[in-house]
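# Analysis of the macromolecular model
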Amino acid sequence: TRQRSEHYPIKHINWYDESSRRNPRRSPILIQNANGPCPLLALVNALVLSTPADVETALIETLRTREQVSLGLLLDAVFDELMSGRRGDAAHELPDVGDLYAFLVTLHTGMNVNPRFVASDSPSPNSVDANETLIPTTRPASIAHAQPGKFEETREMRLYGTFNIPLIHGWLPPPDTPAYSACDRAAKTFEDAQNIQFLEEELEQKLRNRGLSSGEQQLFEDVTSIKQFLASWPTQLTDYGLNVVSKFLKPGRIAILFRNDHFSTLYKDPRTEALMTLVTDAGYASHDEIVWESLIDVNGTGSELFSGDFRPVGNSTNEGATGLQAGSHPHGQQSHGAIEEDAGWQTVRARNTRSRQDAAANVNITDAGVLQAQETGVIAENAAVPPASATTDVAPGAVTRSTTEQEDHDLALAMQLQEEEEDRHRLEQQDRRRNEELSRQFLERETRNQGPA
């Protein structure tokens, strides 16, 4: 089945967690597979990073002991995490918990969301307001104009919200602009904005033939403003929206950001208060020093790559430099004591890259191809080609196995052992759930039998 054949690579990162008593903190994260980024990947990484360092969970244990994980085993671990109660009781309040597991199965292929351009008066199902992650220290006079973007309430959003991880966007028109007024009147969501554009041709025809009424004229102007807004911000993030997200996300907190039709794990550096997205591109899977990418503009042109302790990776002004000085920190700040000692941190060496775009260019991919590679998560590495065979001291006439064949053999053996381990783990989980169900039924019968005569 697909749940057994599809696997996600796992990368083990060292990163600075201000809430942890010991740093660096080592955590396992998922890396994009051949299907590229997906909401499941962002959700799992957000769950891992938001779990306190001294708390052991089935999800973290499942990832920490492996170099890759099958989709089936991953889903079981995520489901156990949700049913444990550590993320609240929302899952236990669902009419049918089976719907939740079925929903998780579909997450690896994507999730339909409908971003709201204008805040709704009704509570959001995506947990933006469910905890203190996004609550500011001082609320603005008009809170509806200063919250991160939310989404239309749907069944998928309600199920996603049970994990209590904020899902937000910054595709917001600034207040007191024609685009905001037009969205507020005619298209509060992206779907509304798409549908209303079908009226443009009819309104133009009326305008040429007999003119428009005052209401029709207003609608025609709104359609024009909405189209201009969508065309001006093709990355689904506005300057205003980015500022709102940066203002509301508390330092040291995790959220999931939707932009460019993708879901990213978002973190706010507790020392500089800079927004960082977790790097999960397959092309960087073997680069332990690359953990974060800065989010400072809407199209990524000014973004930089950072290590787990928020040191810039490489030198943007001198590609021939040997690297950063130990203890250096972005924005000219010094790192905390644990970082200054460099205990457990990998030295950050200069790379011939200034950003993710430059790194992709090193593999001779065209500009158009770079975007495709980033979206699918299959950026190739600029690595040397291994020799056709490995030479060793052998007797004359002996045939040596090529390096590639040996690696294939080792990989096949590793995958076979992992599948056996996953089967054993799944059977143990099934036995545990069956025993829990039998215990629950027994207690219910005892309660009924001991009722009043």
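Residues numbered from 1 in each chain as written. Predicted model: local features only at pLDDT ≥ 70, side-chain atom pairs only at ≥ 80, totals over all residues. Heavy atoms only, no water.

The protein carries the name MINDY deubiquitinase domain-containing protein in an unreviewed UniProt entry, which gives Cryomyces antarcticus as its organism.

With that out of the way, let us pick up the overall build of the protein. Along the protein, the regular secondary structure elements total 15 helices and 9 strands. Classification of the 453 residues of the protein by burial places 44% in the buried group. Sequence separation of at least 24 residues holds for 65% of the intrachain contacts in the protein that already meet a minimum separation of 6. Carbon and sulfur atoms make up 49% of the accessible area of the protein, which totals about 23100 Å². (Helix = DSSP H or I, 4+ residues; strand = E, 2+ residues; numbered from the N terminus. Buried < 20%, exposed > 50% of the residue type's maximum accessible area, 1.4 Å probe, protein only. Contact = heavy atoms within 4.5 Å. Areas by Shrake-Rupley, 256 points an atom, 1.4 Å probe, with all protein chains shown as cover.)

Below, the discussion takes up the sheet that holds strand β7 (residues 275-278). Judged by pairing direction, the sheet is mixed, and its 6 strands sit side by side in the order β4-β5-β6-β7-β8-β9 without closing on themselves. Two strands bound the open sheet, and with one partner strand each, they are β4 (167-169) and β9 (305-306). As defined by bridge partners, strand β8 (residues 292-294) adjoins β9 across 2 bridges and the pair is classed as antiparallel. Within β9, the position partnered with tryptophan 292 by the bridge is phenylalanine 306. Helix-sheet contacts for helix α2 (residues 39-50) involve β5 (254-259), β6 (262-268), β7 and β8, and the interaxial angle to β6 is about 20°. (Pairing = 2+ DSSP bridges. Axes fitted to C-alpha atoms, helices over the stretch in contact; angles between N-to-C directions.)

So, about the nonpolar core. Ranked by internal contacts, the top residues of the largest apolar core, which has 55 residues, are Leu74 and Trp292. With 9 residues, α2 is the largest single contributor of residues to this core. If sequence neighbours within four positions are ignored, leucine 74 has contacts with Tyr8, Leu30, Leu40, Val44, Leu59, Leu63 and Val69. The next biggest cluster of nonpolar side chains, apart from the first, holds 14 residues, and it includes Phe117, Val118, Ala193 and Leu230. (Core = buried A, V, L, I, M, F, W, Y, C linked by side-chain atoms within 4.5 Å.)

Before going further, it helps to spend a moment on the sheet that holds strand β3 (residues 68-70). Across the sheet, which stays open at both edges, the 3 strands sit in the order β2-β1-β3 with antiparallel pairing between neighbours. Edge positions in the sheet fall to β2 (25-30) and β3, since each has one partner strand and no second. Strand-to-strand twist in this sheet, taken as the mean axis angle between neighbours without regard to direction, amounts to 30°. For strand β1 (residues 7-15) and β2, the ladder comprises 6 bridges, and the chain directions are antiparallel. Note on β2: the bridge partner recorded for asparagine 14 is arginine 26. Packed onto the sheet, α2 meets β1 and β2 and runs at close to 165° relative to β2.

Next up on the list: the confidence of the model for the protein. Here the protein averages 75 in pLDDT, and 61% of its residues register 70 or above. Confidence drops under a pLDDT of 50 for residues 316-341, and excluding neighbours within four residues, the segment shows 55 contacts in the predicted structure. Counting contacts from residues 347-402, a segment whose pLDDT is below 50, to residues more than four positions away or on other chains yields 90 contacts. (pLDDT = per-residue confidence, 0-100.)

It is worth spelling out the pattern of salt bridges at this point. Inspection of every chain in the model, using the stated rule, returns 11 salt bridges. When the shortest N-O distance is used, the salt bridge between aspartate 17 and arginine 25 registers 2.8 Å. Each member of the pair, aspartate 17 as well as arginine 25, is classed as buried. Ionic pairing is found between glutamate 200 and lysine 227, a salt bridge with its closest N-O pair at 2.9 Å. Here the residue glutamate 200 occupies a position in helix α9 (residues 199-209), and lysine 227 occupies one in helix α10 (residues 214-232), the gap between them amounting to 27 residues. One network of salt bridges, with partners in common, ties together Glu56, Glu61 and Arg64. (Salt bridge = Lys/Arg side-chain N within 4 Å of Asp/Glu carboxyl O.)

The next point concerns the packing of α9 against α10. Packing of α9 against α10 leaves a shortest axis separation of 10 Å and a crossing angle of 135°. Judged by the inter-axis angle, α9 sits oblique to α10. The element α9 and its partner α10 pack so that their crossing is left-handed. On α10, the residues touching Leu199, Glu200, Leu203, Glu204, Lys206 and Leu207 of α9 are Glu216, Leu219, Phe220, Val223 and Lys227. Broken down by class, the residue content of the contact of α9 with α10 amounts to 6 nonpolar, no polar and 5 charged. (Parallel < 35°, antiparallel > 145°, perpendicular 65-115°, else oblique. Left-handed = near helix turned anticlockwise from the far one by under 90°. Nonpolar A, V, L, I, M, F, W, Y, C, P; charged D, E, K, R; others polar.)

One can find threonine 265 in strand β6. A polar contact is formed between the side chain of threonine 265 and the backbone oxygen of alanine 42, at a distance of 3.2 Å. Beyond its immediate sequence surroundings of up to four residues, threonine 265 is in contact with Ala42, Asn45, Ala46, Leu49, Ile254, Ala255, Met276, Thr277 and Leu278. (Polar contact = N/O pair within 3.5 Å; in protein donor to acceptor, adjacent residues only side chain to side chain.)

Next up on the list: the pairing of β1. Of the pairings in the sheet, the one linking β1 to β3 comprises 3 bridges and is antiparallel in character. Paired with histidine 7 across the bridge in β3 is serine 70.

Attention now moves to the side chain of aspartate 269. Mapping aspartate 269 onto the fold places it in the loop between β6 and β7. A polar contact is formed between the side chain of aspartate 269 and the side chain of threonine 272, at a distance of 2.9 Å.

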